[in-house]
Amino acid sequence: EILPPNMPKPLGNGFNIGCFVDDDYAGNLVTRRSWTGFLVMLNKVPINWHTKNQGSVETSTFVSDFIAMKKADEYVWSLRYKLR
């Protein structure tokens, strides 16, 4: 990541962000939609979790996994931006 040159120096210690992602392919037996879930941890402390049905019916586990990772990645990047 390229940081702006006029960014102030950090005053505190650094931090570690971790994220666990899981999905349940076609977990809803009525609509056949997959579930997405992720847990975000900051310095090994859970700070956010999210579960939701995916918006479309997917035809493979790869696509279901990819959508779950995309949602988690978007959240972690926005969190990194807010914490800098």
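Enquirer: Looking at this model, I keep getting lost on the pairing of strand β2 (residues 35-42). Mind explaining?
Expert: Along a regular strand, successive side chains alternate from one face of the sheet to the other. With eight bridges connecting them, strand β1 (residues 17-24) and β2 associate as antiparallel partners. Following the sheet pairing, C19 is matched in β2 by V40. Inspection of the sheet shows β2 paired to strand β3 (residues 45-53) by eight bridges, in the antiparallel sense. Along β3, the bridge assignment pairs L39 with W49. Turn length for the β2-β3 hairpin, with the two strands adjacent in sequence and antiparallel, is two residues, and the turn residue N43 shows positive phi of about 50°.

Enquirer: What's the story with the sheet that holds β1 in this structure? I'm lost.
Expert: What holds strands together in a sheet is hydrogen bonding between their backbones, with the strands either parallel or antiparallel. Ordered in space as β1-β2-β3, the three strands form an open sheet in which the pairing is antiparallel. Each edge of the sheet is formed by a strand with only one pairing partner; in this case those strands are β1 and β3. Between one strand axis and the next, the sheet turns by 10° as a mean value, whatever way the strands run.

Enquirer: What exactly am I supposed to notice about the environment of F15 here?
Expert: Looking at the secondary structure, you find F15 in the segment before β1. The partly exposed category is assigned to F15, whose relative accessible area is 36%. Counting along the chain gives 28 residues from F15 to N43, while the straight-line C-alpha distance between them is 6.0 Å. Discounting residues that sit within four places of it in the chain, F15 has contacts with L42, N43 and L83.

Enquirer: Can you walk me through the packing of aromatic side chains in this structure?
Expert: Two aromatic rings, taken as a pair, are described by how far apart their centres are and by the angle between their planes. Throughout the structure, instances matching the rule amount to two aromatic pairs. Taking the centre distance of 5.9 Å and the plane angle of 40° together, the rings of F38 and Y75 count as tilted. Linking F38 in strand β2 with Y75 in helix α1 (residues 61-83), this pair joins segments that are 37 residues apart in sequence. Judged by relative accessible area, F38 falls into the buried class, the value being 7%. Classification of Y75 as partly exposed rests on a relative accessible area of 25%.

Definitions and cut-offs
- Residues numbered from 1 in each chain as written.
- Predicted model: local features only at pLDDT ≥ 70, side-chain atom pairs only at ≥ 80, totals over all residues.
- Heavy atoms only, no water.
- Pairing = 2+ DSSP bridges.
- Helix = DSSP H or I, 4+ residues; strand = E, 2+ residues; numbered from the N terminus.
- Axes fitted to C-alpha atoms, helices over the stretch in contact; angles between N-to-C directions.
- Buried < 20%, exposed > 50% of the residue type's maximum accessible area, 1.4 Å probe, protein only.
- Contact = heavy atoms within 4.5 Å.
- Phe/Tyr/Trp six-rings, centres within 6.5 Å; stacked < 30°, edge-to-face > 60°.

Remember that the coordinates give geometry; whether it matters functionally is a separate question.
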